[in-house]
Amino acid sequence: MRAVQKALEKRRIAIERGAGPIERARNFLSDCWSELKKVEKPTWTELKQHSLAVLIVVVVSAGYLAILDYLIGLIFRLLRPGG
C-alpha cells in the first residue's frame, strides 16, 4: 500500500510541475521496474499443479461445449421440416 501511495504522490508532483511526456514515461517505467522486482517465480511444484489445473479446466470446458454443440445440433435437426 505504501508503494501505491508513493507512486501516486510522485505522479501528483509531476503533474503539478507540468512534467513533460518524457519525464512521465520515465516515471512510469521506473514504477514498472520496481514492481517487477517484487515478482516471485513459482516453484517447480507450484508450476506443475497450476498447469494441471489449467489443463483440467480446458478439457472439462471442451467436453461441455462438445456435448452442448451436439445437443443443439440434434434439436435443430429434429425441428427442421422434413427432418
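None of these values were measured; they are calculated from a predicted model.

S.K.: Could you clarify how one ought to interpret the overall build of the protein chain in this entry?
M.R.: If you tally the helices and strands in the protein chain, you get three helices and zero strands. Reading the helices (α) and strands (β) of the protein chain from amino to carboxyl end gives α-α-α. Relative to the 2.2 N^0.38 estimate, which gives 12 Å for 83 residues, the radius of gyration of the protein chain is 26 Å and therefore markedly larger than a compact globule would have. C-alpha extents for the protein chain along the principal axes are approximately 75 × 40 × 20 Å. Per-residue burial over the protein chain gives 4% buried out of 83 residues. Computed over 14 positive and 8 negative side-chain charges, the inter-centroid distance for the protein chain is 3 Å.

S.K.: Mind showing me how you'd approach the pattern of salt bridges here?
M.R.: Where charged atoms from two side chains of opposite charge approach closely, those side chains can pair. Scanning the model with the defined rule gives one salt bridge in all. For the salt bridge of Lys38 with Glu35, the shortest nitrogen-to-oxygen distance reads 3.2 Å.

S.K.: I'm lost on the environment of Ser30 in this one. Help?
M.R.: Summarising the element assignment, Ser30 is placed in helix H2 (residues 21–36). Among the residues examined, Ser30 registers a relative accessible area of 38% and is labelled partly exposed.

S.K.: What am I meant to see in a nonpolar patch on the surface here?
M.R.: Residues Leu52, Leu55, Ile56, Val59 and Val60 make up a contiguous nonpolar surface patch of roughly 490 Å² in combined accessible area. Position of Val60 among the secondary structure elements: in helix H3 (residues 44–79). For Val60, a relative accessible area of 56% gives the class exposed.

S.K.: Please explain the confidence of the model for the protein chain as it appears in this structure.
M.R.: Low pLDDT means the predicted atomic positions in that stretch should not be read closely. For the protein chain, per-residue confidence averages 88 on the pLDDT scale, and residues scoring 70 or more make up 95% of the total. Confidence, read as mean pLDDT per element, is least for helix H1 (residues 2–17) in the protein chain (73) and greatest for H3 (97).

S.K.: I tried to follow the environment of Leu78 on my own but got confused; where do I start?
M.R.: Here Leu78 lies in helix H3. Classification of Leu78 by relative accessible area gives exposed; the value is 64%. In this structure the C-alpha to C-alpha distance between Leu78 and Gln5, which are 73 residues apart in sequence, comes to 62 Å.

S.K.: Which parts of the structure should I look at to understand the environment of Asp31?
M.R.: Among the structural elements, Asp31 can be located in helix H2. Non-local contacts of Asp31, meaning those with residues more than four positions away in its chain, are made with Ala7 and Lys10.

About the cut-offs
- Residues numbered from 1 in each chain as written.
- Predicted model: local features only at pLDDT ≥ 70, side-chain atom pairs only at ≥ 80, totals over all residues.
- Heavy atoms only, no water.
- Helix = DSSP H or I, 4+ residues; strand = E, 2+ residues; numbered from the N terminus.
- Rg over C-alpha atoms; globule rule 2.2 N^0.38 Å.
- Buried < 20%, exposed > 50% of the residue type's maximum accessible area, 1.4 Å probe, protein only.
- Lys, Arg positive; Asp, Glu negative; His and termini not counted.
- Charge placed at Lys NZ, Arg CZ, Asp CG, Glu CD.
- Salt bridge = Lys/Arg side-chain N within 4 Å of Asp/Glu carboxyl O.
- Patch = residues over 30% accessible without salt bridge, like charges linked within 9 Å, V, L, I, M, F, W, Y side chains within 5 Å.
- Areas by Shrake-Rupley, 256 points an atom, 1.4 Å probe, with all protein chains shown as cover.
- pLDDT = per-residue confidence, 0-100.
- Contact = heavy atoms within 4.5 Å.

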